[in-house]
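Here's the letter readout for the chains.
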Amino acid sequence: MAQQRYAEALPLIERATQLAPQSAPAWLEMAYILRNLEKYDQALIASDRALAIIPNAGNAWNNKGLVLFSMKQYEQALVAFDQALIKLSEASSSSPLKSLMEIINRSETALILMNKAMTLEALSRYDEALAVYEQVLTNDPGSSHAWNSKAIILVALHRYDEALVAYDQALALKPQSATTWFNKFNLLSDMRHYEEALTAIEQTLLYDPGFARAWNGKAVILAAQGRYAEALVFY
């Protein structure tokens, strides 16, 4: 359904860029639509058209970074995200309303940092990704997504106790997140903390009863505890 909406929107935004070829928002919207349609080469061209008009706009550089990430051109995506952060910082410092702009840009900075960390993670540069997630949480300590992402990186670094703390922080902020509960379940299962893992998987299923992998995970945990008859119900 979403793909259909993007496909329907494409000729409209193409017409908009023909009527107003100097409209950076139109080119950015085209890049967004093309990226979601997985037409990455065209999306990159649209991103560059926007940057030719507004080369100092952080959101335009972030847009290009997302296109490059989708193309798995991770090193180039990092360059784009770093440019986005630089441009955003410059815009804040040069504004006569500096304090207000810093507040406005804080959430956008956190978003770009998340994209940068995601890219570093894709490159298996986990220590660097962790440092960036720390920056995200400095800007936005209430981001459950950032805490969950930090936990995933800590797991990759085999820092399991710290990862559990991060998952708990994420769940304190968003206790209904089935994804975070499932991630915590996987970690507890790997640590052989089976009773706690069972609690986590039950919470996962409470918030997403249609989560097939979670039902399988519950069966695995019950079997690991020797509760085979109960486990069979969920296979």
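None of the values given here were measured: they were computed from a predicted structure.

How each quantity is defined
Residues numbered from 1 in each chain as written. Predicted model: local features only at pLDDT ≥ 70, side-chain atom pairs only at ≥ 80, totals over all residues. Heavy atoms only, no water. Helix = DSSP H or I, 4+ residues; strand = E, 2+ residues; numbered from the N terminus. Buried < 20%, exposed > 50% of the residue type's maximum accessible area, 1.4 Å probe, protein only. Areas by Shrake-Rupley, 256 points an atom, 1.4 Å probe, with all protein chains shown as cover. Expected span 1.5 Å × (residues − 1). Salt bridge = Lys/Arg side-chain N within 4 Å of Asp/Glu carboxyl O. Arc of directions from axis to C-beta. Contact = heavy atoms within 4.5 Å.

Helix and strand content of the chain: 13 helices and 0 strands. Taken from the N to the C terminus, the helices and strands of the chain come in the order α-α-α-α-α-α-α-α-α-α-α-α-α. Seen through its principal axes, the chain has C-alpha atoms that stretch 65 × 40 × 30 Å. Expressed as a percentage of its 235 residues, the buried residues of the chain come to 44%. Carbon and sulfur atoms provide 55% of the accessible area of the chain, an area that totals close to 12,600 Å².

Our focus in this paragraph is helix 8 (residues 144–156). Each α-helix turn comprises 3.6 residues. Residues three or four places apart therefore point the same way. For helix 8, spanning 13 residues, the distance from its first C-alpha to its last is 19 Å, which sits close to the expected 18 Å at 1.5 Å a residue. When helix 8 is considered as a whole, its buried residues turn out to be Ser144, Ala146, Trp147, Asn148, Ser149, Lys150, Ala151, Ile153 and Leu154. His158 sits one or two residues past helix 8 and shows a positive phi near 65°.

A few words on the pattern of salt bridges. Applying the stated criterion across every chain, the model contains 9 salt bridges. Of the charged contacts in the structure, one is a salt bridge between Arg125 and Glu75, with a shortest N-O distance of 3.4 Å. Taken as a pair, Arg125 in the loop between helix 6 (98–122) and helix 7 (126–139) and Glu75 in helix 5 (residues 74–94) lie far apart in primary sequence, 50 residues in all. Residues Arg125 and Glu128 are paired through a salt bridge, measuring 2.9 Å at the closest nitrogen-oxygen approach. Salt bridges sharing partners connect three or more residues here, namely Glu75, Arg125 and Glu128.

Moving on: helix 11 (residues 194–207). Taking 1.5 Å of rise per residue, 14 residues should cover 20 Å, and helix 11 covers 20 Å from first to last C-alpha, within 8% of that figure. When we look at burial in helix 11, the residues that qualify are Ala197, Leu198, Ala200, Ile201, Thr204 and Leu205. Taken end-on, helix 11 shows its buried residues confined to a sector of 165°, consistent with a single buried face. Facing away from the buried side of helix 11 by more than 90 degrees, the exposed set consists of Glu195 and Leu206. The elements touched by buried residues of helix 11 are helix 10 (178–190) and helix 12 (212–224).

As for its position among the elements, Ala200 is in helix 11. The spacing of Ala200 and Phe182 is 18 residues in sequence and 6.8 Å in space, taken between C-alpha atoms. Here Ala200 is in contact with Trp181, Phe185 and Leu188, once residues within four sequence places are set aside.

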